[in-house]
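If you want the building blocks of each chain, they are given just below.
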Amino acid sequence: HDLSIISWSIVSVVVFFLMIRRPPRSTLFPYTTLFRSLYFIFPNFALGSSINYFRYEDEDYGNSTLGISPVIRFYLNIIPSIKSYIKTSYSFSSTKSDDESYKTEYNDIVIGIGFDYFLSKNVALEPYLDRVIYTDKWENVSENSKTNFTRKGEKINIGIGIGVFI
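Residues numbered from 1 in each chain as written. Predicted model: local features only at pLDDT ≥ 70, side-chain atom pairs only at ≥ 80, totals over all residues. Heavy atoms only, no water.

**Points about the pairing of strand β4 (residues 62-79)**
Where strand β3 (residues 45-57) lies against β4, 13 bridges are found, and the strand directions are antiparallel. Bridge pairing links Ser49 to Pro70 in β4. Pairing of β4 with strand β5 (residues 82-97), which is carried by 13 bridges, proceeds in the antiparallel orientation. If you follow Phe74 over to β5, its bridge partner there is Ile86. (Pairing = 2+ DSSP bridges. Helix = DSSP H or I, 4+ residues; strand = E, 2+ residues; numbered from the N terminus.)

Right, here's the structure in full:
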C-alpha cells in the first residue's frame with residue numbers, strides 16, 4: 001500500500017482499552033473515538049484531528065466526556081503488508097457528571113505507535129499503543145462541598161480501530 005497517493009484517512013473507533021495506572025488500579029474502560037480524519041500532506045506524513053466521546057454509567061452515577069485533538073502521524077515502511085506509524089497529539093477534553101456535581105478538564109500529550117494492517121485496498125485494522133502524559137483539573141461543585149484539585153501523571157492506552165483510506 002502506497003500512502004503517498006492517498007489523500008485522506010478516516011478512522012472510526014469503538015474499542016475497549018486498558019488504562020494501566022500505578023498499582024493497585026488497572027481498569028478496563030469503554031472508549032469511543034467518533035471521528036478521526038488525517039490528510040496526507042507529504043508521502044507517509046499526515047496531519048489531522050479527532051473528536052472523542054466517552055460515556056460512563058453505573059448504578060450510582062454517570063458522566064460524559066467530549067474532547068478534540070490535533071494529530072500528527074508519520075508512517076514507516078518496515079514491512080510491505082503492514083504500515084507502521086508513530087504519532088503524537090495534544091488532547092483537550094471536558095467531563096461533566098449527569099447530576100452536575102463535578103466537572104473535569106483533561107489536557108493530554110500523547111506519543112504512540114501503531115500499524116495499519118490492510119484487510120482490503122482501502123480498509124485497515126489499526127492497533128495502537130499510546131503513552132499519555134496528562135494533567136486533570138477537577139472541580140466538585142455540589143451543594144455540600146466545593147473542592148478543586150489538579151492531578152498529573154502518565155498512563156498507557158492500548159486500542160484498536162478500523163481505518164478507511166480514500
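Having seen it, we continue.
**Looking at unusual backbone geometry**
Backbone geometry places Asn44, a non-glycine residue, at a positive phi of 65 degrees. Exposure remark for Asn44: the relative accessible area of 14% places this residue in the buried category. Of note, Glu100 is a non-glycine position whose phi angle comes to about 60 degrees, a positive value. Positionally, Glu100 belongs in the loop between β5 and β6 (102-118). (Buried < 20%, exposed > 50% of the residue type's maximum accessible area, 1.4 Å probe, protein only.)

**Looking at the confidence of the model for the chain**
On average, the chain scores 81 in pLDDT, and the residues at 70 or more come to 78%. Mean pLDDT values for the elements of the chain range from 54 in strand β1 (residues 8-20) up to 94 in β6. For the stretch residues 15-21, pLDDT sits under 50, and the model shows 31 contacts to residues farther than four places along the chain or on other chains. Across residues 24-28, confidence stays below pLDDT 50; counting only partners more than four residues off in sequence or on other chains, it has nine contacts. (pLDDT = per-residue confidence, 0-100. Contact = heavy atoms within 4.5 Å.)

**A word on the environment of Pro70**
Within the element layout of this structure, Pro70 appears in strand β4. A sequence separation of 32 residues divides Pro70 from Leu38, and the C-alpha atoms of the two residues are 9.6 Å apart. Not counting chain neighbours up to four residues away, the residues in contact with Pro70 comprise Gly48, Ser49, Thr88, Ser89 and Tyr90.

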